[in-house]
Amino acid sequence: MNSLETPADRQPVWFLVLFALAVGGGAIAYVPLLTVLLPLKITSLMGGEDVASLARVTFYGAIVASLANIAFGIVSDRSGSRRIWIVLGLVSSSILLVMIGRAASLIELIALIMAWQLCLNMMLGPLLAWAGDCVPDSQKGLLGGLLAVAPALGAMAGSLVTFESFVAEGYRMTAVAVMVAAFILPLVVLGRGHERPTLMRPNFEKRGTSDEAKRSRSTVVRMWLSRFLVQISEAGLFAFLLFWLRSIVPDFHENTSANIFSIVLILSIPLSLMMGRWSDVHGRPIAPLVVCSALAGAGLLIMAFADGLPIAITGYLVFGIAASIFLSLHTSQYLRFLPRAQHRGRDLGVFNLTNTIPSIVMPWLTLSLVPGFGFSALFVLFGALAVLAALLLATVSRPA
């Protein structure tokens, strides 16, 4: 337990559950759109699949998302309120989501996606910073375990809104907006007053004035780099899983690929909860991250040298589950090491670059390696990056 933390700082479990569901609502806001609905929209506008147009839309959107997350993190720091920005972002991004469904041209679609990313990150940036204001160090592992539900909710929402018996095609965007509100508003309404003064105490220590400050900055950098390295491989597998499986079995069905991805998300939830709770009880926030990044690297190497489908899928399961646990726990534990509470939103915006930059970098790595050397070379590189992440984290000092 942090030396400034008291038993009264601990949050009730229901609050942590609501927070995880709200983050899941954030995933629902973008996963169905970016993975299913946006490609379908571009197909309808362009009269067929247009990979170049999809790449343009997602690239410009990622740039706006990166800048907006930092900007609204700073705004929420200075305003002294997170909830108002979460609500404004929820309302504006929901309106824009419905407008995206009605876009009549590619230029209009690009403009709406950029505006939507701006408003979405008006909501997402302050939301995670609010967790830093509320959840003490002794519960960050449990929060991280609960956050594993977020990607599963995003994937489930994508399946629901594309199931015609559930939602008519013309109302898909509206259905997504309603689901997002249903998951986020309970936290906004019931979470008022749960900020903890010990977690919001400003730190005005000057740069380089103590060994402790230097160690803290070194830890933050190592945490940032480790997530960035793991996210590159996670983004690569997210985008190219089906292509890789079809390089092994040419007629591999897309539904089977989706089922494997779902199994990974489902299995990662209880395992994340167990490892997160273990890290809280034993005061070892970094140990599960080291283990999971090393296992992710091992899974990628199994995939690189797999000579058949069963071994290939086994390697992906090892990688996928380990990476999912790593990303969930890392999100909450990163809050522990941010040195300045008064700049928490800004610093988490910089942290969010570990999520957006890999999506920009990864396609270039794939295009450079796969055509000439196959997926094996790509997975060896990804595996080396994951192992490097484990080594970076293994040298992080254990917190007091």
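Source: prediction; values computed, not measured.

Here is what the cut-offs are and how they apply
Residues numbered from 1 in each chain as written. Predicted model: local features only at pLDDT ≥ 70, side-chain atom pairs only at ≥ 80, totals over all residues. Heavy atoms only, no water. Helix = DSSP H or I, 4+ residues; strand = E, 2+ residues; numbered from the N terminus. Rg over C-alpha atoms; globule rule 2.2 N^0.38 Å. Buried < 20%, exposed > 50% of the residue type's maximum accessible area, 1.4 Å probe, protein only. Contact = heavy atoms within 4.5 Å. Areas by Shrake-Rupley, 256 points an atom, 1.4 Å probe, with all protein chains shown as cover. Lys, Arg positive; Asp, Glu negative; His and termini not counted. Charge placed at Lys NZ, Arg CZ, Asp CG, Glu CD. Salt bridge = Lys/Arg side-chain N within 4 Å of Asp/Glu carboxyl O. Expected span 1.5 Å × (residues − 1). Axes fitted to C-alpha atoms, helices over the stretch in contact; angles between N-to-C directions. Parallel < 35°, antiparallel > 145°, perpendicular 65-115°, else oblique. Left-handed = near helix turned anticlockwise from the far one by under 90°. Nonpolar A, V, L, I, M, F, W, Y, C, P; charged D, E, K, R; others polar. Core = buried A, V, L, I, M, F, W, Y, C linked by side-chain atoms within 4.5 Å. Phe/Tyr/Trp six-rings, centres within 6.5 Å; stacked < 30°, edge-to-face > 60°.

K.L.:
Got a minute to help me understand the overall build of the chain in this structure?
P.N.:
Assigned secondary structure in the chain consists of 13 helices and zero strands. Ordered by position from the N terminus, the helices and strands of the chain form the series α-α-α-α-α-α-α-α-α-α-α-α-α. On C-alpha atoms alone, the chain measures out to a radius of gyration of 21 Å, which is about the 21 Å that the 2.2 N^0.38 rule sets for 400 residues. C-alpha extents for the chain along the principal axes are approximately 60 × 45 × 35 Å. By the burial criterion, 50% of the 400 residues in the chain qualify as buried. For the chain, the proportion of contacts with a sequence separation of at least 24, taken over those separated by at least 6, is 82%. Roughly 17700 Å² of accessible area belongs to the chain as shown, and the carbon and sulfur atoms make up 68% of that amount. Across the chain, the mean location of the 27 positive side-chain charges is 10 Å away from that of the 20 negative side-chain charges.

K.L.:
Even after reading the chapter, I still don't get the environment of tyrosine 316, so can you show me in this structure?
P.N.:
Mapped onto the fold, tyrosine 316 is located in helix 11 (residues 309–337). Given the relative accessible area of 5%, tyrosine 316 is considered buried. The sequence separation of tyrosine 316 and isoleucine 302 amounts to 14 residues, and the corresponding C-alpha distance is 8.1 Å. Dropping the residues within four chain positions of it, tyrosine 316 is found in contact with Leu237, Leu241, Trp244, Ile260, Phe261, Val264 and Met303.

K.L.:
Just to check I follow, could you spell out the pattern of salt bridges for this structure?
P.N.:
Pairing is possible between side chains of opposite charge, provided their charged atoms come close. All told, the structure shown has six salt bridges when counted by the stated rule. One salt bridge connects arginine 82 with aspartate 133, and the closest N-O pair in it is separated by 2.8 Å. Taken together, the residues arginine 82 in the loop between helix 2 (51–79) and helix 3 (83–100) and aspartate 133 in helix 4 (residues 106–134) connect sequence positions 51 residues apart. The class of arginine 82 is buried, set by a relative accessible area of 8%.

K.L.:
Would you explain the environment of glutamate 108 in this entry?
P.N.:
Its location among the elements puts glutamate 108 in helix 4. For glutamate 108, a relative accessible area of 35% gives the class partly exposed. Taking the C-alpha atoms as reference points, glutamate 108 and glycine 191, 83 residues apart in sequence, are found 37 Å from one another.

K.L.:
How should helix 6 (residues 149–161) be read in this particular structure?
P.N.:
Within an α-helix, residues lying three or four positions from one another point in the same direction, as the helix has 3.6 residues per turn. Given a rise of 1.5 Å per residue, 13 residues ought to cover 18 Å, and the 18 Å separating the end C-alpha atoms of helix 6 matches this to within 8%. Within helix 6 the residues assigned to the buried category are Ala150, Ala152, Leu153, Gly154, Ala157, Gly158 and Val161.

K.L.:
Explanation requested: the packing of helix 10 (residues 287–304) against helix 11 in the structure shown.
P.N.:
Relative placement of two packed helices is described by the angle separating their axes and the distance separating the axes. For the pair helix 10 and helix 11, the least separation of the axes is 7 Å and the interaxial angle reads 155°. On the basis of the axis angle, helix 10 is roughly antiparallel to helix 11. For the pair helix 10 and helix 11, the crossing hand works out as left-handed. Across from Pro288, Leu289, Cys292, Ser293, Leu295, Ala296, Gly299, Leu300, Ile302 and Met303 in helix 10, the residues of helix 11 making contact are Ile311, Ala312, Gly315, Tyr316, Val318, Phe319, Ala322, Ala323, Ile325, Phe326, Leu329 and His330. Across the contact of helix 10 with helix 11, the residue classes tally to 18 nonpolar, four polar and no charged.

K.L.:
Explanation requested: the nonpolar core in the structure shown.
P.N.:
Soluble globular proteins tend to pack their nonpolar side chains together in the buried interior. Core analysis: the biggest nonpolar cluster contains 107 residues, and Leu33, Met123, Leu237, Trp244, Tyr316, Phe379 and Phe382 have the highest contact counts within it. Among the elements that take part in this core, helix 4 stands out by supplying 16 residues, more than any other.

K.L.:
Looking at this structure, I do not really get the packing of aromatic side chains. What am I missing?
P.N.:
How two aromatic rings sit relative to each other is given by the distance of their centres and the angle of their planes. Overall, the coordinates contain ten aromatic pairs when judged by the stated rule. Taking 6.4 Å as the distance between ring centres and 45° as the angle between the ring planes, the aromatic pair formed by tyrosine 316 and phenylalanine 319 counts as tilted. Pair noted here: tyrosine 316 and phenylalanine 319 are both in helix 11, with a separation of three residues, about one helical turn. Of the two residues examined, tyrosine 316 and phenylalanine 319, each falls in the buried class.

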